[in-house]
Amino acid sequence: MIRAARLLASLSLVFVALASLPARAIDIQQITSPGGIKAWLVEDHSIPFTALSLMFKGGASLDAPGKRGEISLMTALLEEGSGGMDSVRYAEAVEGLGAQSRFDVSDDALSVSARMLTENRDQAADLLRQALTEPRFDPEAVERVRAQLQSVIRSEATDPNAIATTELARQAWGAHPYASSINGTAESVAALSRDDLIDAKGRVLARDRVYVAASGDITAEELGKLVDKILGGLPEQGSAPLPPPAELQLKGGITVVDWDSPQTVVTFAQPGLPMSDPDYFAAFVADHILGGGGFSSRLMDQIREKRGLTYGVGTGLSNGLYGQTWQGGMASANDKVAEAVGLIRSEWDRFAEGGVTEKELTDAKTYLTGEYPLRFDGNGKIAAILAGMQLIGLPADYVNTRNPRIEAVTAADVQRVAKRLLHSDQIRFVLVGRPQGIAGTD
Amino acid sequence: MRRPHRLAPALTALALSAAPALAEMPQGISHFTLPNGLEAVVIEDHRAPVVVQMVWYRIGSADEQPGKSGIAHYLEHLMFKGTDRLGPGELSKTVTANGGMDNAFTSYDYTAYFQRIAADRLPLVMDMESDRMANLKIGEDDWKAERQVVLEERSQRTDSDPGAQFSEERNAVQFYNSPYRRPVIGWRPEMEGLTRDDAIAWYQAHYAPNDAVLVIAGDVTADKARALAEKYYGPIPAKPDSTRKPRPQEPEQRAPRRIERSDPRVPQPVLTRTVLAPERNPGDQKTAAALSVLAELLAGSAQTSVLARDLVLTGKALYVDASYDGLTVDPTTFGLSLVPAPGVSNADAEAALDAALQKFLKDGPDPAQLERVKTQIRADRIYAQDSAHGRAYDYGQGLSIGLTVEDVNDWPDILAAVTPDDIRAAAKLVLSNPASVTGWLLPQPGAAPGDAQALPAAQTGEIQ
């Protein structure tokens, strides 16, 4: 089933040639393949390749109990041999086509990003199908990649940024998978068997949890066939239920992790709000003014520009599929970090009490609405954005409704959501370093 | 490295980019030079209403005087502190308030500033960027706080990371005489002594249209970009004496060097080896192309490359890498690195690397592997069209280190034309060369840098 949007796509290309319009709409075709798989497409035939993005919902949060790291290890093994090919022959075949594919996994999704030349797209798709449906998990490859994952785990344990985020997640998310690293521990990864990997694949690589988007030199009809070829052989349903919501258990205060370094790495978080909250966009605008907006944010102005206490400080609404926080981070010299943390708290309070000026509000809205269309400037970026939108449940016309919702935010909205959500006594700071003049609270 | 980045008659300008030269340009690329010496490249991509402006100055940390290391990068930060017309930080705030983003970065050979913004705001950012090319004002109140910021940047990027510290020291050992021996961000004691006067002197000596490259990429026509360039940059006078001076060159290096450091923050041993290598030069990029292909053949694939097959698939190493970037003014380095597999001694891993390299020197490239690498080079050329920003970077970097637009245009063809004999010669050049530094960065056995008890429970057991 192909919707009529294709006609619009070719019309808008004519406009492109005629005039430089400031805001051209992006034309998303929503298709259903002959085999019943839904996909979003932006057609653009100017460069002879297709970018394809697949996202499998649940990601590493679908690890079986006690098997932390299994989906991470399984994902890394998808390109290490499948069908009749061992890892070397598979890689030779992909390289011989000039195709590219990346397999990544996060808390929320297993993602495949592929680029396929038009001249050999079907062959490239065959290899991708083979990787997703017939991975071999050869013992040699499993041991080699397991050792690489163990090395990543060792690196995380000596990286102050990873130590800080891991500790914050541990305090925030209780028994939910969000509470620990997707890569597992030395022990959990050492114990994984080939059967565990086969089970892990069944938990996440299934058609009931995949979202598909493509952009580039491909028609809707061609994409339908391509998607059926790549995904048609996957099981209809994943073997595990999707992850449950995570309940935030973070308590305000300070945690210090001793680390011999001239600087203290700071990660902090407090409760956030879901995208479905009526005040989400007001909070989104508030965050930009408070700490999300780079050099125009209040935190950057106070902590970097005015006092030189850090190279960078920032905040963001961190909205996962299964839980959300309002969080931030910075690094500051051990003898200055106490002052910088104090400034974060006082800016938090000033925002909650005083709200924002009309100029701050206007500037934030112009940035947030102006920046949005700039993201869609390439096939690879478009495919990733479109798959991500489906993953988090946004409709295709979100690309048109998003900016009006930001425009509608008023200073009173920002003030209300700030008063409701921003509480400096609810922030948990995790400090990794040898900070002076500031100590752990519990 | 900043962020977490007199109008002549139109005929004169036209004459500088006559029709035959244009005919050889790749589709959508145009090139012109203003009478004041500003060289410009326009890369058209009308798929999205976005444009990137980049200004690259042909000046970098390798042009600094001894004792003033870090001044090129410090000035890059101070370039955001305003002009006669713009207050401190106002440029970035204006870009942001118009829905764009901006940043800057400094390297050994260049300092670059860019904005990415909706195409209809291009005149605004060209107005502001041209303003700070000639009218920078550094307030008495701003320079000390910004010096603290660059010191914090050094702490974050270098001093908190033993790998970055080790690279810095390895560079200092690699180059006897070239200023590439100094870190771009500067040595800390010298950074602490940099002043506003140093910054102003650097700016006045080196920031001029005749030593800059303007790149406009995205949803703009060549004619429009040129008209805007003439309007905003055309009136800025050239500075005849600002051109960069030749730098001290490396003498012959006869002694391979070894360095070693242990640090409790290092999770596992890492071997790095760098060796002096030639760079890309105008009309002379063949050796550099062969070195680029050599790096791909040696370690470009985790499964099929020479070192992956000989070291990783055989269980001797966890990771291997080979790197080469020829976009430098003076001779650069070719790099190799590996992480030994658990249970393999550092000496055995290094011996296995040496044996694999000797075998490659003897056998030369495998024809089938070379063919696959060539296929990927052809594909990359197509994929590269997807990013106007990426292509802007290619031209800006190339022109700022002294290549011509033709050199940048020709690079993919030169890569595609590399022969097995070229690769053998390139391998001989860098793999049997005493101008090398081999470094081992090692963990400190039994010593975690923090109090292990304070680490998160899930992490404690993982420290080795």
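Quick caveat, the model's predicted, so the values are computed rather than measured.

Student: Even after reading the chapter, I still don't get the overall build of chain B, so can you show me in this structure?
Tutor: Looking only at helices and strands, one finds 18 helices and 11 strands in chain B. Whereas a compact globule of 464 residues would reach a radius of gyration of roughly 23 Å, chain B reaches 24 Å, a difference of no more than 12%. C-alpha atoms of chain B, sized along the principal axes, occupy 70 × 55 × 45 Å. Across the 464 residues of chain B, 58% fall into the buried class. When the accessible surface of chain B is split by element, carbon and sulfur atoms take 55% of a total near 17800 Å². For chain B, the centre of its 48 positive side-chain charges and the centre of its 62 negative side-chain charges are spaced 1 Å apart.

Student: How should the pattern of salt bridges be read in this particular structure?
Tutor: Scanning the model with the defined rule gives 67 salt bridges over all chains in all. In this structure, Arg304(A) engages Glu146(B) in a salt bridge whose closest nitrogen and oxygen atoms are separated by 3.1 Å. Taken as a pair, Arg304(A) in helix α11 (residues 298-305) and Glu146(B) in helix α6 (residues 142-159) lie in two separate chains rather than in one. For the pair shown, Arg304(A) and Glu146(B) are each scored as buried. One salt bridge in this structure joins Asp363(B) and Lys359(B), with 3.9 Å as the shortest N-O distance. With Asp363(B) and Lys359(B) both in helix α13 (residues 346-363) and 4 residues apart, the pair spans about one turn of that helix. For Asp363(B), a relative accessible area of 38% puts it in the partly exposed group. We classify Lys359(B) as partly exposed; its relative accessible area is 47%. Each of Asp277(A), Asp279(A), Asp413(A), Arg416(A) and Arg420(A) takes part in salt bridges that share partners, so that together they form one network.

Student: How should the sheet that holds strand β2 (residues 38-43) of chain A be read in this particular structure?
Tutor: Two pairing modes exist for strands in a sheet, parallel and antiparallel, and in both the strands are linked by backbone hydrogen bonds. Ordered by their spatial adjacency, 6 strands build an open sheet running β1-β2-β8-β3-β7-β6 (chain A), and the pairing between neighbours is mixed. Both edges of this open sheet fall to β1 (29-32) and β6 (100-105) of chain A, since each of them pairs with a single strand only. Each adjacent strand pair in this sheet contributes to an overall mean axis angle of 20 degrees, direction not counted. Lying on the sheet, helix α14 (residues 367-384) of chain B is in contact with β3 (49-57), β6 and β7 (109-117) of chain A; it crosses β7(A) at an angle near 105 degrees.

Student: Can you walk me through the domain arrangement of chain A in this structure?
Tutor: Often, the extent of an interface is quoted as the loss of accessible area on bringing the components together. Residue and element names in this part refer to chain A. When cut into domains, chain A gives domain 1 (12-231) and domain 2 (253-371 + 395-433). Between the C-alpha centres of domain 1 and domain 2 the distance comes to 31 Å. Between domain 1 and domain 2, the contact holds 21 residues from the first and 20 residues from the second. When domain 1 packs against domain 2, close to 1700 Å² is buried across both sides, 76% of that on carbon and sulfur atoms. Inspection of the region where domain 1 meets domain 2 yields 0 salt bridges. Along the contact surface separating domain 1 from domain 2 lie 5 residue pairs in polar contact (both at pLDDT 80 or more). If one sorts the elements of the side of domain 1 that touches domain 2 by residue count, helix α6 (residues 160-173) sits on top with 9 residues. The residue inventory of the side of domain 1 that touches domain 2, partitioned by class, reads 11 nonpolar, 7 polar and 3 charged.

Student: What is the right way to look at the sheet that holds strand β8 (residues 270-277) of chain B in this model?
Tutor: Residue and element names in this part refer to chain B. Ordered by their spatial adjacency, 5 strands build an open sheet running β7-β11-β8-β10-β9, and the pairing between neighbours is mixed. Each of the sheet's edge strands pairs with one partner strand only, and the pair in question is β7 (257-263) and β9 (317-324). Between one strand axis and the next, the sheet turns through 15 degrees on average, direction left out of account. By the bridge criterion, 7 bridges tie β9 to strand β10 (residues 332-340) in an arrangement that is antiparallel. Pairing of Ala 322 across the sheet is with Leu 336, part of β10.

Student: Where do I start with the nonpolar core in this structure?
Tutor: The nonpolar side chains of a soluble globular protein tend to be buried with one another. All names here are of chain A. Ranked by internal contacts, the top residues of the largest apolar core, which has 64 residues, are Val 285, Ile 303, Phe 351, Leu 386 and Phe 429. Contacts of Leu 386, omitting those with residues within four sequence positions, involve Ile 28, Trp 40, Val 42, Ala 213 and Phe 376. Formed by 56 residues, the second largest nonpolar core is a distinct cluster that contains Ile 31, Leu 41, Ala 125 and Leu 127.

Student: Would you explain the UniProt feature "domain: Peptidase M16 C-terminal" (unreviewed entry) in chain B in this entry?
Tutor: UniProt's entry tags residues 194-376 of chain B with the feature "domain: Peptidase M16 C-terminal" (unreviewed entry), counted in the numbering of this structure. Between the first and last C-alpha atoms of residues 194-376 of chain B the distance is 46 Å; the span itself is 39% helix and 21% strand.

Student: I would appreciate a short explanation of the interface of chain B and chain A in the present structure.
Tutor: The interface is formed by 70 residues belonging to chain B together with 83 residues belonging to chain A. Summed over both partners, the interface of chain B with chain A buries about 6500 Å², with 56% contributed by carbon and sulfur atoms. Linking chain B with chain A are 6 salt bridges, by the criterion used here. Of the charged contacts in the structure, one is a salt bridge between Arg309(B) and Glu92(A), with a shortest N-O distance of 2.4 Å. Where chain B packs against chain A, one counts 29 residue pairs in polar contact (both at pLDDT 80 or more). If you list the elements that add at least two residues to the side of chain B that touches chain A, you get α4 (90-97), β5 (111-118), α6, α12 (306-312), β9, α14 and α18 (457-460) of chain B.

Cut-offs applied
Residues numbered from 1 in each chain as written. Chains lettered and ligands numbered in written order. Predicted model: local features only at pLDDT ≥ 70, side-chain atom pairs only at ≥ 80, totals over all residues. Heavy atoms only, no water. Helix = DSSP H or I, 4+ residues; strand = E, 2+ residues; numbered from the N terminus. Rg over C-alpha atoms; globule rule 2.2 N^0.38 Å. Buried < 20%, exposed > 50% of the residue type's maximum accessible area, 1.4 Å probe, protein only. Areas by Shrake-Rupley, 256 points an atom, 1.4 Å probe, with all protein chains shown as cover. Lys, Arg positive; Asp, Glu negative; His and termini not counted. Charge placed at Lys NZ, Arg CZ, Asp CG, Glu CD. Salt bridge = Lys/Arg side-chain N within 4 Å of Asp/Glu carboxyl O. Pairing = 2+ DSSP bridges. Axes fitted to C-alpha atoms, helices over the stretch in contact; angles between N-to-C directions. Contact = heavy atoms within 4.5 Å. Domains from an automatic or database assignment. Buried area = accessible area lost by both parts, 1.4 Å probe. Polar contact = N/O pair within 3.5 Å; in protein donor to acceptor, adjacent residues only side chain to side chain. Nonpolar A, V, L, I, M, F, W, Y, C, P; charged D, E, K, R; others polar. Core = buried A, V, L, I, M, F, W, Y, C linked by side-chain atoms within 4.5 Å. UniProt positions renumbered as here; feature names shortened; annotations may be inferred.

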